[in-house]
Structure formats: structure tokens, C-alpha cells
Amino acid sequence: MADLTVIRTRMATNLGTISGLRSAAEIPDNPTPPIGIIVLESVDYDGAMQGGLTTYNFSVTVIVGRAAEREMQRKLDAYCQPTGSQSVKLAIESDKTLSGEVYDLRVERSSGMGSITVNDQNYLAAEFTVTVLA
Amino acid sequence: MAKFVVTATNVTMGGEDISTACARAELVINAAEVETTDFGSGGFTEVIGGLKSGTLSLDFHQDFGVDAVSTLFLDTVGTVVVFTLVAGNGTAAGTDTPLYTVSCLITSFTPVSGAVGDLGTFSVSFPTTGAITYATS
């Protein structure tokens, strides 16, 4: 039986391998960009008989500063690439079993860039959808 | 026994518990229709039950690990294998969780299937051979 806290932590560890990007397995009160935050969106139970498959659906919100918008957008461009040293997809999928904790995971999509407000501060952010089979 | 949502049909194949790889299980028992219509049937057809047969259909999540479902099926194509199914989300035979035991001829297996982004799965459907037994204890 996979442990949800371990799943989140190991996803954050994978994400944290991107140089210059912080990662958080729990939602921080006061995030310091650039940071990727792992959030559990939903859990689908009983994918197989006897509890044989549980599907965890995560979002990963990558927040960057807004001080220099063009530079920040380029930073997000790199995070959204499917490959490359700054690729969020590549980093999270670098260990697809999370050291044996899950069967498989996949970063399915990035929903694009947008502006978000955190603690009355505006930031640029991109959200990624991750499906984990455990 | 109350109505129930299927979450935990217990499935074994050749004694191996493969429940946690199985996403759907269906056992159908049929009887052939043998026609007995004659001039005394009053304009309607008449039939009686003939030989019985069965079909076992299962959907699986693919797993190529050692002793996982892929290996089990690959090694048994063309042979007869005993399957058991405990319905009603049970793990052992009971009045509310009947145990069905069937022998099936493994007629086909699809080891590679799926489109990009899909969960790896495969489905099988086998004819039964011999009697289908039913137990509640």
C-alpha cells in the first residue's frame, strides 16, 4: 500500500533536482519563488479488484517571480518544455516508481501560464497535471 | 445479503491470486436451445435446454513482472487452467459470497496492447470446459 505522504515527498524530491527551483511537498503559507508546489487534487479508488490500483491525481504549481516578466516567462518556458535540464516533466518522471513506492507516474499536461495572487503578491505560474498509479 | 458495489471479486488462476491485477470479471453460463417445435406447438416455436457451456471474461492491468499476470497467461496459452471466482466482494465461499470454479481453455492472449497515455491493459475471454461448480461453504 503506497503512502501518500511518501509519494508527495518523493515527487518534490524529483522536482527539486531542477537547478534553482525549490520544491514543496506541502502547501507553504508563504511560498518563496521560484518554487514548485505538489498538491493532491483527487484520488480514484478501486481501479482493480481487492484495492489493486489507486490513482492519485496531483497538480504541480510552479510559481516564479514577476519582477522581470519577460525573464520569468522564459523561465516558465523552460519549465514547460518536455525535455531539457529545466523540464518539470523530465524531472518528475526521472524516477517513475518513486523508489518503488508506486507502479508508475506521468506528467500529462501543463495547463499553460498565468498570473496568480499569493498573499496579495502577483506571480507568474504554470500548472502541471500528474497522474500516479499505486 | 444487500445490494453491493463490485470492488473486490476474488480471482485465482491455477491457484495464483490475481485479483489485484483484475479490473473486471464476468462468468456467463449458457444452455443451448434445442428446438422441439412440431405440429402441436400451436404456431409457436418450442425449445428445451441442451448442452451447457460457459465463457469467462476478464480485464486486467498489464504487468510484466516475475510471476505477474503477463507471464501467467503467456505460459498457459493452449492449455486448460482452473480459475476460481468469489463473487460478492468475498475472499472465501459463503452464502453471500459464492465460489465458482471453472476450467478454461486459454485460447488467446494479447501481451501488447494500448495507446499512448493509456493504462496498460488486456482483456481475455475463454470458453469453459467441463462442469462449472458452485459452492457456498
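Residues numbered from 1 in each chain as written. Chains lettered and ligands numbered in written order. Predicted model: local features only at pLDDT ≥ 70, side-chain atom pairs only at ≥ 80, totals over all residues.

Participant: Can you help me understand the overall build of chain A in this one?
Facilitator: The helix and strand inventory of chain A stands at 3 helices and 5 strands. Each helix and strand of chain A, placed in order from N terminus to C terminus, yields the pattern α-β-β-β-α-α-β-β. The globule rule puts the C-alpha radius of gyration for 134 residues at 14 Å, and the 15 Å found for chain A is close to it. C-alpha atoms of chain A, sized along the principal axes, occupy 50 × 30 × 20 Å. For chain A, the residues scored as buried account for 37% of the 134 residues in total. (Helix = DSSP H or I, 4+ residues; strand = E, 2+ residues; numbered from the N terminus. Rg over C-alpha atoms; globule rule 2.2 N^0.38 Å. Buried ≥ 20, exposed ≤ 12 C-beta atoms within 10 Å, placed from the backbone.)

Participant: Hey, could you run me through the nonpolar core in this one?
Facilitator: Generally speaking, soluble globular proteins have nonpolar side chains that are buried together. Ranked by size, the top nonpolar core spans 58 residues in total, and within it Val-60, Val-88 and Val-132 of chain A together with Cys-22 of chain B carry the most contacts. Of all the elements, strand 5 (residues 121-133) of chain A adds the most residues to this core, at 8 residues. Filtering out sequence-adjacent residues up to four positions away, Val-132 of chain A remains in contact with Ile-7, Tyr-56, Phe-58, Val-102 and Leu-105 of chain A. (Core = buried A, V, L, I, M, F, W, Y, C linked by C-beta atoms within 7 Å. Contact = placed C-beta atoms within 7 Å.)

Participant: Just checking my understanding: could you explain unusual backbone geometry for this structure?
Facilitator: The omega angle of the peptide bond from Pro-33 of chain A to Pro-34 of chain A is -5°, so this bond is cis rather than trans. Position of Pro-34 of chain A relative to the elements: it lies in the loop between strand 1 (22-24) and strand 2 (35-44). Of note in this structure, Leu-98 of chain A is not a glycine but carries a positive phi near 50°. For Leu-98 of chain A, the position within the fold is in the loop between helix 3 (88-92) and strand 4 (104-118). Note on Leu-98 of chain A: 22 C-beta atoms within 10 Å, which makes it buried. With a phi angle near 65°, Asp-67 of chain B is a residue other than glycine that sits in the positive phi range. For Asp-67 of chain B, the position within the fold is in the loop between strand 4 (47-61) and helix 1 (69-74).

Participant: I would appreciate a short explanation of the environment of Thr-13 of chain A in the present structure.
Facilitator: Counting through the fold element by element, Thr-13 of chain A comes out in helix 1 (residues 4-15). Along the chain, Thr-13 of chain A and Ala-24 of chain A lie 11 residues apart, while their C-alpha atoms are 8.6 Å from each other.

Participant: Honestly, the interface of chain B and chain A in this entry has me stumped. Any pointers?
Facilitator: A common way to state how big an interface is: give the accessible area lost once the parts meet. Contacts between the two partners involve 12 residues from chain B and, on the opposite side, 9 residues from chain A. Tallied by class, residues from the side of chain B that touches chain A come to 6 nonpolar, 6 polar and no charged. (Nonpolar A, V, L, I, M, F, W, Y, C, P; charged D, E, K, R; others polar.)

Participant: Teacher, can you tell me more about the sheet that holds strand 3 (residues 55-64) of chain A here?
Facilitator: Backbone hydrogen bonds are what pair the strands of a sheet, in a parallel or an antiparallel way. Residues and elements named next belong to chain A. If you trace the 5 strands from one edge of the open sheet to the other, you get 1-2-3-5-4, paired in mixed fashion. At either margin of the open sheet sits one strand with a lone partner, and together these are strand 1 and strand 4. The average angle at which neighbouring strand axes cross in this sheet is 25°, direction not considered. As defined by bridge partners, strand 3 adjoins strand 5 across 10 bridges and the pair is classed as antiparallel. Looking at strand 5, one finds that Val-64 is bridged to Leu-124. On the sheet, helix 1 packs against strand 1, strand 2, strand 3 and strand 5 and is oriented at approximately 145° with respect to strand 2. Its contacts with the sheet put helix 2 (residues 69-80) on strand 3, strand 4 and strand 5, and the angle it makes with strand 5 is roughly 5°. (Pairing = 2+ DSSP bridges. Axes fitted to C-alpha atoms, helices over the stretch in contact; angles between N-to-C directions.)

Participant: Would you explain helix 2 of chain A in this entry?
Facilitator: Every α-helix winds through 3.6 residues per turn, so residues three or four apart in the chain are directed the same way. Residues and elements named next belong to chain A. Between the first and last C-alpha of helix 2 there are 16 Å, a value that for 12 residues agrees with the 16 Å anticipated at 1.5 Å per step. Buried within helix 2 we find Met-72, Lys-75, Leu-76, Tyr-79 and Cys-80. For helix 2, the arc enclosing every buried residue in end-on projection is 135°, short of the 170-degree limit, so these residues lie on one face. Opposite the buried face of helix 2, by more than 90 degrees, sit the exposed residues Arg-70 and Glu-71. As for helix 2, its buried residues are in contact with strand 3, helix 3, strand 4 and strand 5. (Expected span 1.5 Å × (residues − 1). Arc of directions from axis to C-beta.)

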